[in-house]
Amino acid sequence: MLIAVFSAFVWFSAALTFALSLGISSGFGIGTVLIFLSSSALCVLKPKLSEFTKEDRVLFSIFALYAIAMFVFAYLDGWHIRELDRPSRFIFALPVMLLLLKLVGRVQWLWFGVVLGAILAFTLAVYERSVLGFGRAHGSQHPIMFGNIGMMLGLISFVSSMYFFATKRYIWLALAIVGGLCGIGASVLSASRGGWVALPLIGFFLLWQSRFLLGKKTLIGVLIASIFLIVVAVAAPQTGIKDRIDQAVSDVVKYDTGVDKKTSVGLRFEMWKAALIMFKGSPFIGVGEYGSVSVKTRIVEEGVVSKEVLGYSHAHNEYINALGLSGIVGFIFLMSIYLVPLKLFLKKMRQYPDNWNIKSYAMAGALVPMSYMDFGLSQVMFSHNIGVMMYAFPIVYFWAAVRWAEREELAKNPPL
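Bear in mind the structure is a predicted one, so any value in this text is a computation, not a measurement. (Residues numbered from 1 in each chain as written. Predicted model: local features only at pLDDT ≥ 70, side-chain atom pairs only at ≥ 80, totals over all residues. Heavy atoms only, no water.)

*Asks:* How would you explain the packing of helix H5 (residues 85-102) against helix H18 (residues 385-412) if you had to name every residue and give the values?
*Replies:* Relative orientation of the contacting elements H5 and H18 amounts to 20 degrees, with a least axis distance of 9 Å. Taken together, H5 and H18 sit at an angle that is classed as roughly parallel. Crossing geometry of H5 relative to H18 is assigned as right-handed. Tallied by class, residues from the contact of H5 with H18 come to 17 nonpolar, one polar and six charged. (Axes fitted to C-alpha atoms, helices over the stretch in contact; angles between N-to-C directions. Helix = DSSP H or I, 4+ residues; strand = E, 2+ residues; numbered from the N terminus. Parallel < 35°, antiparallel > 145°, perpendicular 65-115°, else oblique. Left-handed = near helix turned anticlockwise from the far one by under 90°. Nonpolar A, V, L, I, M, F, W, Y, C, P; charged D, E, K, R; others polar.)

The structure is reproduced here in C-alpha cells:
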C-alpha cells in the first residue's frame, strides 16, 4: 500500500513539472525537485542492472557523458562553479529515470499535466497581453523561452489527443485539442518567431504518423482546419504574427544593405559571425564562454562586428554557439544529446506503429529533441535553467512511460 501511494506521488510530481512549468514563477522546478528528492528511495528499492535494457543504459550513459563533457569544458574555461549548474541537471535526471523505471505508476497523468500546463501558459499570456499591456507574454521567463516551451507543450498536447482518440476518451480528447491550441497561442502571444517554425514541420510529422489512426476523411478535415486557423492567425492583427514576420524580413534587408545592423535579426547575424570567428580560432574545443569575452572585445575593436554583441553571453543559436564556445567536440556532444534520445523514441514508434498506448508516449518523447533542435536555430535553450530542465526531465518521464507501456503490453500478450 505504501509503495502504491509513493508511486502515485512520484508520477504526480512528474505531471506537475508540465502543469506548473510556465503558469507560475519557476513552476518547472517544483515537480522536478519533488521527484528528485523522492529518488532517495532508490537506497531502499535497490534497482539491479539486470532490470534495465540496453536502451535504458544507452539513454542513461548519454546523459551522464554530456554532463561530464560540459564539466570538462567548464574546467577548461576557468572552472567557474556557477557554470556547473545547468549541465548538472542531466545528472539529477538520472536517479529520477531509475526511480520511474522501478515504480509502477499513473503514466497517463503525464498527459493531464501537459494539457493543463499549456492551458495555464495561455491564460497567463492572455492576462499579460490584455490586462497588463505587455508587448510580449513571458511569465517569469524570457519571452523566447516562454514561447518555445509553450509551443512544445502545445505540440505534446496534440500527441495526447491522439492517445485519447485511440482510447475513445472524448472529453479528454477535446481538452487535449484545447491544450494544443493554447500552447500555440502562448507562443504567438510571446511574439517569439523561432518557435513558430516548429509548428508546420512537427505538425506534418504528427499528421503523417497518425494518418492510419485518423483515417482519410478525418485527416483531411484536420489538415483543412489547421490551414484555416493558421491563415486566420496570420491575418488577424491582434496576434501580431504578420507584423513580426514583416519585421524579420525588414531586418534582413537592412542588414544586407548595411542600413542597420542593430535590429533583432541583425544582431543575431553579428553574434553568429563572432561565434564563427571563435570557432575558426579554436576549432576543436572552442574558446569557452568566459574566454569569448576577450575575443569579442578584440573583434569589436577591429570593427569586425557591432559592439552590441558584448552584451550577450551566447550567440542565439545553439549549434553555432556550441562551435564557438566548445568547438567540434562540444558540437558532437550537443548533437548526441539530441539525436540519441530521438533515435530511441523513433525506434519505439517503428516497433509499435499501431499500438497507441506505447506509440503516443514515444512520439511525445521524440517531440522534445525535435522541438529543441528547431528552437536552437534562434536561441541557446541550454543556457537557461528552464531550457535544461524542460529537456532532460521530460525525456526521462516519457522514456519511463514508454517502458511501462511496453511492460503492460507484454503482460496482456505474453510471448508464446
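Moving on from the model shown.
*Asks:* Lay out the side chain of Lys359 with the relevant residues and their values.
*Replies:* Tracing the sequence through the fold places Lys359 in helix H17 (residues 356-375). The side chain of Lys359 is buried and forms no salt bridge, while Asp354, the nearest opposite charge, is found at 6.1 Å. At 2.8 Å, the side chain of Lys359 and the backbone oxygen of Gln209 are in polar contact. In this structure the side chain of Lys359 is engaged in a polar contact, spanning 3.3 Å, whose partner is the backbone oxygen of Pro353. (Buried < 20%, exposed > 50% of the residue type's maximum accessible area, 1.4 Å probe, protein only. Lys, Arg positive; Asp, Glu negative; His and termini not counted. Salt bridge = Lys/Arg side-chain N within 4 Å of Asp/Glu carboxyl O. Polar contact = N/O pair within 3.5 Å; in protein donor to acceptor, adjacent residues only side chain to side chain.)

*Asks:* Can you break down the pattern of salt bridges residue by residue, with the values?
*Replies:* Counting across every chain of the model gives 13 salt bridges. In this structure, Glu55 engages Lys348 in a salt bridge whose closest nitrogen and oxygen atoms are separated by 2.9 Å. Of this pair, Glu55 sits in helix H4 (residues 54-76) while Lys348 sits in helix H16 (residues 318-351), and the two are 293 residues apart along the sequence. Note on accessibility: Glu55 and Lys348 belong to one class, buried. Measuring nitrogen to oxygen at the nearest pair gives 2.7 Å for the salt bridge that ties Arg89 to Asp85. With Arg89 and Asp85 both in helix H5 and four residues apart, the pair spans about one turn of that helix. Judged by its relative accessible area of 14%, Arg89 falls in the buried class. You can call Asp85 partly exposed: its relative accessible area is 31%. The network of salt bridges with shared partners includes Glu55, Asp56, Lys347, Lys348, Arg403 and Glu406.

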